[in-house]
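For reference, the chains in residue letters:
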Amino acid sequence: MGLSTTLPRPRARKRSSQGVTLGQVIALANQKGGVAKTTTTLNLAVAFREQGFDVLVVDLDPQGNLTMSQGMDPDSVEVSMFDVLVRGVPIDEVIRRVEVDVAISSIDLAGAELALSGMIGRERALQKALLPVRGRYDFILIDTPPSLGLLTINALTAADSVIVPVQCEYLSLRGLVQLENTLAMIRENLNPVVEIRGILPTMYDGRTLHSREAIEMLKENFGDVVFETRIKKTVRYAEAPVQGSSVLRYDPKGPAAEAYRQLAKEVLNGAQPREHA
Ligand code: ADP
Ligand code: MG
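Rules used throughout
- Residues numbered from 1 in each chain as written.
- Chains lettered and ligands numbered in written order.
- Predicted model: local features only at pLDDT ≥ 70, side-chain atom pairs only at ≥ 80, totals over all residues.
- Buried ≥ 20, exposed ≤ 12 C-beta atoms within 10 Å, placed from the backbone.
- Helix = DSSP H or I, 4+ residues; strand = E, 2+ residues; numbered from the N terminus.
- Pairing = 2+ DSSP bridges.
- Axes fitted to C-alpha atoms, helices over the stretch in contact; angles between N-to-C directions.
- pLDDT = per-residue confidence, 0-100.
- Contact = placed C-beta atoms within 7 Å.
- Near = placed C-beta within 6 Å.
- Nonpolar A, V, L, I, M, F, W, Y, C, P; charged D, E, K, R; others polar.

Another aspect to go through is the pairing of strand β1 (residues 24-28). Within β1, four of the five residues are buried, which leaves the element mostly enclosed by the surrounding structure. Note: β1 against strand β5 (residues 139-143), five bridges, orientation parallel. Across the sheet, Ile26 pairs through a bridge with Leu141, a residue of β5. For β1 and strand β6 (residues 161-167), the ladder comprises three bridges, and the chain directions are parallel. Each bridged residue has a counterpart across the sheet, and for Ile26 the counterpart in β6 is Ser161.

An order of β3-β4-β2-β5-β1-β6-β7 is seen for the seven strands of this open sheet, with the pairing classed as mixed. Pairing within the sheet leaves two strands with one partner each, and these edge strands are β3 (95-97) and β7 (195-202). Across the sheet, the mean angle separating the axes of adjacent strands is 25 degrees when strand polarity is ignored. As paired elements, β6 and β7 share seven bridges and run parallel to each other. Of the residues in β7, the one forming a bridge with Pro165 is Leu200.

Our focus in this paragraph is the confidence of the model for the protein chain. Of the residues in the protein chain, 91% have a pLDDT of 70 or more, and the chain-wide mean is 91. Confidence drops under a pLDDT of 50 for residues 1-19, and excluding neighbours within four residues, the segment shows 29 contacts in the predicted structure.

Here we come to the site of ligand 1. The environment of ligand 1 is made up of 16 residues, and the closest members are Lys37, Thr38, Thr39, Tyr237 and Ala238. Every element with two or more residues in the shell around ligand 1 is listed here: α2 (37-50) and α10 (236-242). No other element matches the three residues that α2 contributes to the shell around ligand 1. Residue classes in the shell around ligand 1 are distributed as seven nonpolar, seven polar and two charged.

What follows is the structure, given as structure tokens:
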């Protein structure tokens, strides 16, 4: 049986043709690791920044890859998103100004799910923490860990929409069903408005039939929820973090940077930055 018959039709809504509302929270989620969540969160954020938008990135992964990819060491930070979620520390205290503003992670975050699990409002800790800063940013992007645990649930509860990076291969596509089920539960119980803003094919290799077929299956099952932008496979994305940099700063004129500018354009859909006083 082909994937097209095993995947249920998603309840994702079409993208609006009237541009985007600003001040919006977008979670980058997929419970599979290594699909380019972190790479996409950072580079999309920097692409928005290049266009003049104010952007906050929240690193909600205890591995702290995004924090590291901006040249910071998650093992040596004093306060992090753990303290924000569990101890009610204001998020401003963990925001570092790098290429964009980043609310940093630390290894402590690994204990956050357990610490939160006994608390009232455990799914809404992030939503609450973001309230005081929402008005200050055009976009807040949340990088999530490779699981559908309480940290990811916090991200989906705080979010207006979700971008789902998927690796262009059959096994990665199957995981989308589980993510859709989780989103359906979130909509029913915690956040009725959250929608899939788009599915982003990553690590695309147009020379292989398998990559091309994976895109076909995605389109067949998810239609225009699949972004037109495809992120091609290239070592540039692995090289940039070693320099503590986004690919837009590391290789500003290269195709890898251009791909994320293209994605930003697709997400923005014609929206312009606010006038700053
Ligand atoms: P996730 O956050 O989903 O676990 P990452 O963004 O950390 O995924 O990406 C996993 C690995 O793949 C990283 O080493 C990253 O540099 C690399 N990578 C990301 N995007 C691409 C791409 N388009 N082509 C090749 N390698 C990529
Ligand atoms: Mg990651």
